[in-house]
Amino acid sequence: MRLVKCWFCSSTIYPGHGIQFVRNDAKIFRFCRSKCHKNFKMKRNPRKVKWTKAYRAAHGKDMTQDKTFEFEKKRNRPERYDRNVTEDTLKAIKKIDKIRSSREAEHINKRLKPNKQKVFKSEVKEIDQNINLIKAPGSYQQDSEKMKVSVSTNKSVQNEAMEE
C-alpha cells in the first residue's frame, strides 16, 4: 500500500482518495481533499495558511528537526524478508513512537512556558488593582488589629468522662 503526502497540507493520502493534478511540464501534484486543491488553484502559499504543516513548521509550532523523523524517510532499496528483523523493527517502531510523543510534549511545554508567566503576571496585576472586589472594605482593619487569644490545654473532668 503506497501512502503519499498532500502537496498543500502534507497530510497522508490513502489509496483511492484525493485528487491528482498534472501540470503541462508533467509535474504531479496530489491533494488529500478539495480544500487543498482549491487553495492550490487560488495560488495560496501553504506557509501562509495557518492550518497547514508548512505554516506550523515555519512558525515554530511543530517540532521539525528531530532524529526520530529520520526513521520515516522513504527507502527505495528492497529488503529480503526476515522474521527476526521484522519483529525487531516493530519493537523499535513502538519505542520510537514513545520517544517522539514525549519530545513533542516537551516541545509544547517549552513553547507555552513564556506565555504562562505572562498570564500569571497579568492576573496578579489585575488582582492587585481590584482587591476591593475580593476583600470586604472592613477586612483591612481587622487584619491589622488581630488579637492573640490564649487557648487552655488542660482538660476538664467533664470532658474526660465524656471521652470514656
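Higher on the page you've got the structure.
Once a new chain begins, its residue numbering starts again from 1 and follows that chain's sequence as written. Residue-level local features of this predicted model are given only where pLDDT is at least 70; pairs of side-chain atoms are given and counted only at 80 or more, and the full residue set underlies all totals for whole chains, interfaces and linings. The basis for the side-chain values is all heavy atoms of the structure; hydrogens and waters are excluded.

**Topic: the pairing of strand β3 (residues 19-22)**
So, point 1. Bridging between β3 and strand β4 (residues 28-31) involves four bridges; their strand directions are antiparallel. Along β4, the bridge assignment pairs I19 with F31.
So, point 2. For two strands to be treated as a pair, DSSP must find no fewer than two bridges joining them. Helix and strand labels come from DSSP, where a helix needs a run of H or I of at least four residues and a strand needs a run of E of at least two; each type is numbered from the N terminus. Here β3 hands over to β4 after five residues, with A26 in that stretch at a positive phi of 70°.

**Some remarks on the nonpolar core**
So, point 1. In this structure, C6, F8, C9, I13, F29, F31, C32, C36, F40 and V49 together form the largest nonpolar core, which totals ten residues.
So, point 2. Of all the secondary-structure elements, those providing two or more residues to this core are β4 and α1 (34-41).
So, point 3. Those residues in contact with V49 that sit more than four places away from it in its chain are F8, R44 and Y55. The nonpolar core is taken to be a set of buried Ala, Val, Leu, Ile, Met, Phe, Trp, Tyr and Cys residues, with the residues joined through side-chain atoms within 4.5 Å. Using a 1.4 Å probe on the protein chains alone, a residue whose accessible area is under 20% of its type maximum counts as buried, one over 50% counts as exposed, and one in between counts as partly exposed. Pairs of residues are marked as contacts when any of their non-hydrogen atoms sit within 4.5 Å.

**Digging into the pattern of salt bridges**
So, point 1. Criterion for a salt bridge: a side-chain nitrogen of Lys or Arg within 4 Å of a carboxyl oxygen of Asp or Glu. Overall, the coordinates contain two salt bridges when judged by the stated rule.
So, point 2. A salt bridge links D25 to R23; its shortest N-O distance comes to 3.1 Å.
So, point 3. Taking relative accessible area as the criterion, D25 reaches 52% and is therefore assigned exposed.
So, point 4. Between K91 and E87 there is a salt bridge, with the nearest N and O atoms lying 3.9 Å from each other. Here K91 and its partner E87 are both found in helix α3 (residues 83-129), four residues apart, which amounts to about one turn of the helix.

**Structural notes on the state of the cysteines**
So, point 1. Defined by distance alone, a disulfide is two cysteine sulfur atoms within 2.5 Å. Using the criterion set out here, one finds zero disulfides in the structure.
So, point 2. Left unpaired, C6 is separated from the closest cysteine sulfur, that of C9, by 3.7 Å.
So, point 3. The cysteine C36 is free of any disulfide, with C32 supplying the nearest cysteine sulfur at 3.5 Å.
So, point 4. Residue class for C36 comes out buried when judged on its relative accessible area of 0%.

**A word on α1**
For an α-helix, 3.6 residues make a turn, and residues three or four places apart therefore share a direction.
So, point 1. C36, H37, N39 and F40 are the residues of α1 that are buried. The buried residues of α1 all sit within an arc of 165° when viewed along its axis, so they share a single face.
So, point 2. Residues of α1 that are buried sit in contact with β3 and β4.
So, point 3. Positive backbone phi, at 60°, marks K43, one or two positions downstream of α1. Throughout, the arc means that of the directions going from the helix axis to the C-beta atoms.

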